[in-house]
Amino acid sequence: MGTTANDIEVIILSDDEDEAPENDVACDESSVYIVEPEDSRETDTALTPSTLEEDLVVTFSRRAEVLPHARYDCPIHPFTAEDRATDAPLAGNQLICDQCFCYICDKLASSCVLWCQGGICHCNSHKRSTYWSNLRDSTVLGDLQAFNLTVSEVDEHLRRAEKMLLIFKKEAFVQFSIFLRGQSLMEYGPNAQHQKRLIHDYTPVYELVSSFLYEADKQNDRAAAILRLGAAEVFIRHVSCPGSLMLPSPVADVNKAKACLLHRVISSLQRQLVMADFTPEFRQKIQDFYRRFPLPIELKNFRNSLCVRPWTDILLVSVLKGQNISGVRKEGKKKDVLAEDMSVIFLRSELLQRQKRYRELCRYLRVVQSAEAAFSLQQLRDLIPFFMCLAGDFSSALIGFLPAVNAPASRFTPQLFLIYFYIFKSATAPQSIIASHPFHLCRSDAVWEPIKGAVPLKRELLVKFALKVHRCCPAVYADSQCWTSLLTVVNSLGASGVALPAPSPKFLLEAKDSVNAILLEQIQLHIQIPRPFLEEYPDQALLLLVTGALGFRIVEFPLRPVLPVLSTFQGNLWALQWLWGDLPFGAEHLGSFLQDIRQELKITKGPFTSQDGMLVVTSMT
């Protein structure tokens, strides 16, 4: 302790932990005394030589203010400690000052009704006794003790949860007792008179649990987890009544209702284990509590449902950071495989999307395994190229769409193709959605925003992407709107929509062989455009390549509607004439094609008319 001339008060901290004798119970709750000096100052006096030789000089003293403290730490009344003295107060232990607290009840000793109660004398309690410490934990924690929580972990939210859980258990006991008694029903049949049977309807119990779980959803994360597990511990022990009359409602049956309720609890807890910021200790405690559940055989599939890896798991971290590309970690003879429930995989995907950690999400989806719902995992993996797009890496996205085996592009719908085509063309994407299925990208309310660090694909790459998709996805190849979108890109120069000037007749003639060679390439998903073909007329060459692909499509089977496709050639009639001159139409096929055009012309106006069975191009504005 040190003071100066301007000191106003002195704080003396007393700690008796060091070398405390066994009978000395002044412990962690050591008292704190605040000493205030007198208003009048002591006059300076000459110190004698003998006084100067002392190590400590006392200039003044005053009785300290006593702060709240446990009874065993009282500075006024001595305390006698024994490990387990419950019959009667030990010598003087019942004496208290105004600031003495009961160690067990955690309230003023004057308010403790068991202070001198024979058989449980709280006045003898102290923290150096295992018996009294356990009794304190049991008293303070209540039902929370079953979760192996410590007093320091319990806050006001958990105390409220403990009270809610106590009330719920009483109500659940009453409702389940009514269920066990059953309700009588008099059935009248042609061969029986007043046959009495019992109906055991679990619905009221189910509704009570559902209502309680709804209230749990409103609490903070830790309290909600405790309430959900506490409720599950209650209803999981409920059993059915054999031979009772069954009602048609699923929740009237105990086993079906329990499965439904447990699924709800597990789903909520899994979300918390992935999303919530639980400490490692709290995570472990709720997982250990769930492992002690006596799950019946019909619910055995839920046994490992809460075995969710923390985000700090070594294997998971190494996969997310790209340090492990196999999802397998070997440590000696043990092998750890990154395998998780499909529900957990969806939750991790959701969180990583919200955090815009797209590259880490792609690494995770490529290697994670699931013993269930392989189709759902495949659909989620089909989104990997989309996530690479959001990361601004169009090159990796293109490769991801069209691998040699199991290409996600082969499962495109026309709408999905148009979405991805527009992403590549505009470098924008629907970034406001959380996708777990490719169809989620088709939401009409999605907000399209520019992709940070991305630039639109060049038209050559757009054309190659579209033609490769045509080769592996019949749905896109057959769709008229997909062809319209592709032809719109190659039929004009940029956003201005300026038509392309016709190339030389020589180029048009030679282009037929070049286009056929490119499109007739036998290797699946292989589209290679030779550099010489693009040197003289690069834009016209791409238009002729797509036009030639359209010709193959028209010859194979009817393209409906066809007028929107042909209308994209507005201003580039030379390309359309090039197409007509090269189509290997038979008479029957040509007649069918022209008939489709006539039918469409009856219901729409376009740049074409039909005269004497011939297709005539009218003037275009």
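Residues numbered from 1 in each chain as written. Predicted model: local features only at pLDDT ≥ 70, side-chain atom pairs only at ≥ 80, totals over all residues. Heavy atoms only, no water.

Some remarks on the environment of Arg 553
Among the structural elements, Arg 553 can be located in helix H20 (residues 538-556). Placed 75 residues apart in sequence, Arg 553 and Ala 478 show a C-alpha to C-alpha distance of 7.8 Å. Beyond its immediate sequence surroundings of up to four residues, Arg 553 is in contact with Tyr 477, Ala 478, Trp 483, Pro 558 and Leu 559. (Helix = DSSP H or I, 4+ residues; strand = E, 2+ residues; numbered from the N terminus. Contact = heavy atoms within 4.5 Å.)

Comments concerning a nonpolar patch on the surface
A grouping of Phe 173, Val 174 and Ile 178 is seen on the molecular surface, where their side chains present a nonpolar patch of about 300 Å² in accessible area. Looking at the element boundaries, Ile 178 is found in helix H3 (residues 156-181). (Patch = residues over 30% accessible without salt bridge, like charges linked within 9 Å, V, L, I, M, F, W, Y side chains within 5 Å. Areas by Shrake-Rupley, 256 points an atom, 1.4 Å probe, with all protein chains shown as cover. Salt bridge = Lys/Arg side-chain N within 4 Å of Asp/Glu carboxyl O.)

Describing the packing of helix H4 (residues 203-217) against helix H5 (residues 221-235)
The interhelical angle for the contact between H4 and H5, taken along N-to-C directions, is 165°, at an axis separation of 8 Å. Taken as axis vectors, H4 and H5 run roughly antiparallel relative to one another. Both H4 and H5 take part in a crossing whose hand is left-handed. In this structure, H4 uses Val 209, Phe 212, Leu 213, Ala 216 and Asp 217 to contact H5, whose residues at the interface are Ala 224, Leu 227, Arg 228, Ala 231 and Phe 235. (Axes fitted to C-alpha atoms, helices over the stretch in contact; angles between N-to-C directions. Parallel < 35°, antiparallel > 145°, perpendicular 65-115°, else oblique. Left-handed = near helix turned anticlockwise from the far one by under 90°.)

Structural notes on unusual backbone geometry
Look at the link from Arg 560 to Pro 561: it is a cis peptide, with omega at -10°. For Pro 561, the position within the fold is in the loop between H20 and helix H21 (563-567). Positive phi values are uncommon outside glycine, yet Asp 106 reaches one of about 60°. If you trace the backbone, Asp 106 turns up in the loop between strand E5 (100-102) and strand E6 (107-108).

Structural notes on the environment of Leu 545
On the secondary structure map, Leu 545 appears in helix H20. Separated by 30 residues in sequence, Leu 545 and Val 515 place their C-alpha atoms 5.5 Å apart.

A few points about the pattern of salt bridges
Applying the stated criterion across every chain, the model contains 22 salt bridges. With a closest N to O distance of 2.8 Å, Arg 348 and Glu 340 form a salt bridge. Via salt bridges that share partners, Asp 217, Arg 228 and Arg 264 belong to a single interconnected network.

What to know about the packing of aromatic side chains
Counted under the stated rule, the structure contains 26 aromatic pairs. Each ring, one from Tyr 422 and one from Trp 448, has its centre 5.5 Å from the other, and the planes form 75°; the classification is edge-to-face. One end of the pair, Tyr 422, is in helix H14 (residues 414-426); the other, Trp 448, is in strand E12 (residues 448-450), and 26 residues separate them in sequence. Given a relative accessible area of 39%, Tyr 422 falls into the partly exposed group. Plain terms: the ring middles of Phe 507 and Phe 533 are 6.1 Å apart, the flat faces sit at 15° to each other, and that makes the pair stacked. Placement of Phe 507 in helix H18 (residues 505-519) and of Phe 533 in helix H19 (residues 531-535) is noted, with a sequence separation of 26 residues between them. (Phe/Tyr/Trp six-rings, centres within 6.5 Å; stacked < 30°, edge-to-face > 60°. Buried < 20%, exposed > 50% of the residue type's maximum accessible area, 1.4 Å probe, protein only.)

Digging into the sheet that holds E6
Strand order in the open sheet formed by 3 strands is E4-E5-E6, with mixed pairing between adjacent strands. Edge positions in the open sheet fall to strand E4 (69-70) and E6, since each of these has one partner strand only. As judged from the 2 bridges shared by E5 and E6, these two strands associate in the antiparallel manner. When the bridges of E6 are listed, Phe 101 appears paired with Leu 108. (Pairing = 2+ DSSP bridges.)

As for helix H10 (residues 358-367)
Counting buried positions along H10 yields 7 of 10 residues, so the element is predominantly enclosed. As for H10, its buried residues are in contact with helix H8 (314-320), helix H9 (342-354), helix H11 (374-381) and helix H12 (384-390).

Here we look at the nonpolar core
As a rule of thumb, soluble globular proteins bury nonpolar side chains together. Of all hydrophobic cores here, the largest spans 101 residues; its most connected members are Phe 412, Tyr 420, Phe 424 and Phe 465. With 9 residues, the single largest contributor to this core is H20. Contact partners of Phe 424, with chain neighbours within four places excluded, come to Cys 389, Phe 394, Ala 397, Leu 398, Phe 401, Pro 456, Leu 457, Leu 462 and Phe 465. Counting 56 residues, the second largest nonpolar core, distinct from the first, contains Phe 176, Leu 227, Val 251 and Ile 266. (Core = buried A, V, L, I, M, F, W, Y, C linked by side-chain atoms within 4.5 Å.)

Overview of the pairing of strand E10 (residues 334-337)
Across 4 bridges, strand E9 (residues 328-331) lies against E10 in antiparallel orientation. Across the sheet, Lys 330 pairs through a bridge with Lys 335, a residue of E10. Connecting the antiparallel pair E9 and E10 is a turn made up of 2 residues, with Gly 332 showing a positive phi of about 70°.

Some remarks on the confidence of the model for the protein
Looking at the protein, pLDDT values average 85 and 85% of them are 70 or higher. Across residues 1-35 the pLDDT falls below 50, and counting only partners more than four positions away or on other chains, this stretch makes 63 contacts in the model. (pLDDT = per-residue confidence, 0-100.)

So, the packing of H9 against H11
Their axes nearest at 10 Å, the elements H9 and H11 cross at an angle of 15°. One finds that H9 runs roughly parallel with respect to H11. When you trace H9 past H11, the crossing you get is left-handed. Within the contact between the two elements, H9 uses Met 342, Ile 345, Phe 346 and Ser 349 and H11 uses Ser 376, Leu 377 and Leu 380. When the residues that make up the contact of H9 with H11 are grouped by side-chain class, the tally is 5 nonpolar, 2 polar and no charged. (Nonpolar A, V, L, I, M, F, W, Y, C, P; charged D, E, K, R; others polar.)

With respect to the side chain of His 77
Turning to its location among the elements, His 77 is positioned in the loop between E4 and E5. A distance of 3.3 Å separates a polar side-chain atom of His 77 from the backbone oxygen of Ile 96. Among all residues touching His 77, those that are not within four sequence positions of it are Arg 71, Leu 95, Ile 96 and Cys 97. (Polar contact = N/O pair within 3.5 Å; in protein donor to acceptor, adjacent residues only side chain to side chain.)

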